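Fold and contact review
Chain by chain, the residues:
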Amino acid sequence: DAPRLALVRRATAQAAGGDAAAARAAHASLVRERPPLLQLLRQLASRPPLVDLLDALPPLAPRWYSLASSPLASPGRAHLCVSIAAYTATDAAGTRHLRRGVASHFLERTAAPLLKAGGAEEAAAAVPVFWREPSGHELRLPPSPATPVVVIGPGTGLAPFRAFLQHRRFAHARKRLGPCVVYFGCRSRADDFLYGEELEPMHAAGAMTLRTAFSREAPPATAGYWRGLRLNVDYVQDLLEEDGQRVAQLLLEQAGHLYVCGDGQSMASDVHAALRRIVEAHLSVSPAEAEERLQGLAQEGRYCREIWN
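Residues numbered from 1 in each chain as written. Predicted model: local features only at pLDDT ≥ 70, side-chain atom pairs only at ≥ 80, totals over all residues. Heavy atoms only, no water.

The terminal C-alpha atoms of helix H6 (residues 159–171) lie 18 Å apart, and with 13 residues this matches the ideal 18 Å at 1.5 Å per residue to within 8%. Considered for burial, the residues of H6 that qualify are Ala159, Pro160, Phe161, Arg162, Ala163, Phe164, Leu165, Gln166 and Arg168. Structurally, H6 contributes buried residues whose contacts are with strand S3 (149–152), strand S4 (180–186), helix H8 (196–204) and strand S8 (257–263). (Helix = DSSP H or I, 4+ residues; strand = E, 2+ residues; numbered from the N terminus. Expected span 1.5 Å × (residues − 1). Buried < 20%, exposed > 50% of the residue type's maximum accessible area, 1.4 Å probe, protein only. Contact = heavy atoms within 4.5 Å.)

And the structure:
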């Protein structure tokens, strides 16, 4: 925003000693590196007035999480499924710096004593949370439990669908439930198959159909990209297209509902493209007509997405 940019420009100009070209180069470098505030001030040896600094810092944005549990399954408790955000950034000198997500690492630190104590009550910690008024755009199960449901939730996008599965199990008799297909993807079964110990028994018992894609499990020598083609690197959209006829039947012929939750940078668009191709093939229509049909399903509330960047 403008106040923060003005503060950075003032600090870089101060650090450059009045050299305009050096100040512009320093500013461009900082935009690329995106250092945290403390490192920025140390790097520039800058001490802006506290009032200006506070004016330039925006309030910490709220983090909204879909619950990963149903109150029917866990009365009085709310489960979250959170990815601990961490990445590295390289500065102008080539030094790599570890960056940590503010909210996810706060939750990790807060929960550490409880996890270490094996859930003992005396280790519990208090975390302020805020409930948001429903907007009408949240992911919701269809009114009838007999309606077919297809959910696509790779990674932590699985969270609301775990709540779906729990609700179906505790709210309705098995014979009243319609088909449910769950598409889950992650890098490795051993490392990040979230809630696998719950999903696989449900699949084995016939409570739902589980389809999994583990994108990094193929031997490295046989996986990767060749002339623009992706080889042995499986994603949820690949499974969707494999199951295209079944997905089309549930969605287009049996009035099913389809839900997508997760990464909006690539996964959501790739899944949407796969769905468009499925509709094209099933209805023998053009891409534009298939896209129109998907938009119609979205307007009917039968194609719902919760995505983030």
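Let us look at the pattern of salt bridges. Per the counting criterion, the structure on display carries eight salt bridges. The shortest N-O distance in the salt bridge between arginine 162 and glutamate 198 comes to 2.8 Å. Note that arginine 162 is positioned in helix H6 and glutamate 198 in helix H8, a separation of 36 residues in sequence. The exposure class of glutamate 198 is partly exposed, given its relative accessible area of 26%. Notably, a salt bridge pairs arginine 276 with glutamate 291, separated by 3.2 Å at the nearest N-O pair. Linking arginine 276 in helix H11 (residues 267–283) with glutamate 291 in helix H12 (residues 287–299), this pair joins segments that are 15 residues apart in sequence. We classify arginine 276 as partly exposed; its relative accessible area is 24%. Look at glutamate 291 and you get partly exposed, because its relative accessible area is 22%. Via salt bridges that share partners, Arg211, Glu242 and Asp243 belong to a single interconnected network. (Salt bridge = Lys/Arg side-chain N within 4 Å of Asp/Glu carboxyl O.)

This paragraph deals with the confidence of the model for the protein. Mean pLDDT over the protein: 87, with 88% of residues reaching 70 or higher. Ranking the elements of the protein by mean pLDDT puts helix H1 (residues 2–15) last, at 60, and S3 first, at 98. (pLDDT = per-residue confidence, 0-100.)

Before going further, it helps to spend a moment on the packing of aromatic side chains. This structure, assessed with the given rule, holds five aromatic pairs. Pairing phenylalanine 161 with tyrosine 259 gives two aromatic rings, centres 6.4 Å apart and planes at 55°, and the pair type is tilted. Taken as a pair, phenylalanine 161 in helix H6 and tyrosine 259 in strand S8 lie far apart in primary sequence, 98 residues in all. Accessibility classification places phenylalanine 161 together with tyrosine 259 in one group, the buried group. Seen from their ring centres, phenylalanine 184 and phenylalanine 193 are 5.5 Å apart, and the 25° between their planes marks the pair as stacked. The buried category is assigned to phenylalanine 193, whose relative accessible area is 12%. A connected cluster of aromatic rings, assembled from ring pairs, spans Phe161, Phe164 and Tyr259. Above the face of the tryptophan 64 ring, arginine 132 is positioned so that its terminal group lies 4.4 Å from the ring centre. (Phe/Tyr/Trp six-rings, centres within 6.5 Å; stacked < 30°, edge-to-face > 60°. Lys NZ or Arg CZ within 6 Å of the ring centre and 35° of its normal.)

The strand order across the open sheet built from five strands is S5-S4-S3-S8-S9, with neighbouring strands paired in parallel fashion. Each of the sheet's edge strands pairs with one partner strand only, and the pair in question is strand S5 (209–214) and strand S9 (303–308). Within this sheet the neighbouring strands show an average axis-to-axis angle of 10°, counted without direction. Two strands pair when backbone bridges link them, and S3 and S8 are joined in this way by four bridges, in the parallel orientation. If you follow valine 150 over to S8, its bridge partner there is leucine 258. On the sheet, helix H10 (residues 244–253) packs against S3, S4 and S8 and is oriented at approximately 120° with respect to S8. (Pairing = 2+ DSSP bridges. Axes fitted to C-alpha atoms, helices over the stretch in contact; angles between N-to-C directions.)

What follows covers the environment of histidine 167. Relative to the assigned elements, histidine 167 resides in helix H6. By relative accessible area, histidine 167 is classed as partly exposed at 31%. The spacing of histidine 167 and alanine 73 is 94 residues in sequence and 7.2 Å in space, taken between C-alpha atoms. When residues no more than four places from it in sequence are discounted, the contact partners of histidine 167 are Ser70, Leu72, Leu141 and His172.

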